[in-house]
Amino acid sequence: MPSKKVKVQVAFDKNTFKPTKKTLGLSKELSTLESDTVIKVIKWSKEDVFAGKDRLVTHLNSVTLEISPSAGYPFKSTLASGSYFAVPFARFKIFDTLQISFIDDKLEVSGRISIEFGVKDVVYDDFTESGLVNFQSLNVRVKESGELLTFSKYGEMWQKEKGDRADFKAGLNEHYIANQPVILLE
């Protein structure tokens, strides 16, 4: 299916993200993260990845964006509402101000990233025109284990997330998108 490139800037202002339920089950990896405190934001070469050097450092692996569902927006494609976009670090273009720390069992993120990736033609117009692109989560790869730890606004509180998402979709409140990083299409 054809796609078009989009450029997105994500601005973090001491946003906090909690570990998901699956991540909380990885206690050894969380302990490693706790002892490291700072998560590296570095781009790996293919040679580094093939040599396994990326397994020696705890680092940001990817982020996920979403087109938030909304009953008030006339989506052009039924596939767009609630669509997720997992963006690997290889698609990050500018990230030198990004700072990530693991403090008090949650990630604190500040700075900006600029990312470029493909969006399927079928949802492209809704992605670029809806104003509903929202930050969903980030994944950290923990040194030595290679496990991915996922952090989101709601963390393990999936029931609250589900309720807030339904309320946002119905136009009842904006808790679902509140206190999230700012997403700007370039």
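Figured I'd write up the structure that's included with this text.

Residues K5, K7, K43, R91 and K93 make up a contiguous surface patch of positive charge. K7 gets classed as partly exposed once you look at its relative accessible area, which sits at 43%.

We now examine the pairing of strand β3 (residues 59–67). Remember that side chains alternate between the two faces of the sheet whenever the strand is regular. Here β3 lies mainly inside the structure; eight of its nine residues are buried. Pairing of β3 with strand β8 (residues 133–141), which is carried by eight bridges, proceeds in the antiparallel orientation. Within β8, the residue paired with L65 across the bridge is F135. Looking at chain direction, β3 and strand β4 (residues 84–88) are connected through five bridges and run antiparallel. What sits directly across from S62, in β4, is P88.

So, about the packing of aromatic side chains. Within this structure, the stated rule accounts for twelve aromatic pairs. Put simply, the rings of F12, F17 and F135 pair up and form one aromatic cluster.

Reading the values: the criteria
- Residues numbered from 1 in each chain as written.
- Predicted model: local features only at pLDDT ≥ 70, side-chain atom pairs only at ≥ 80, totals over all residues.
- Heavy atoms only, no water.
- Patch = residues over 30% accessible without salt bridge, like charges linked within 9 Å, V, L, I, M, F, W, Y side chains within 5 Å.
- Areas by Shrake-Rupley, 256 points an atom, 1.4 Å probe, with all protein chains shown as cover.
- Salt bridge = Lys/Arg side-chain N within 4 Å of Asp/Glu carboxyl O.
- Lys, Arg positive; Asp, Glu negative; His and termini not counted.
- Charge placed at Lys NZ, Arg CZ, Asp CG, Glu CD.
- Buried < 20%, exposed > 50% of the residue type's maximum accessible area, 1.4 Å probe, protein only.
- Helix = DSSP H or I, 4+ residues; strand = E, 2+ residues; numbered from the N terminus.
- Pairing = 2+ DSSP bridges.
- Phe/Tyr/Trp six-rings, centres within 6.5 Å; stacked < 30°, edge-to-face > 60°.

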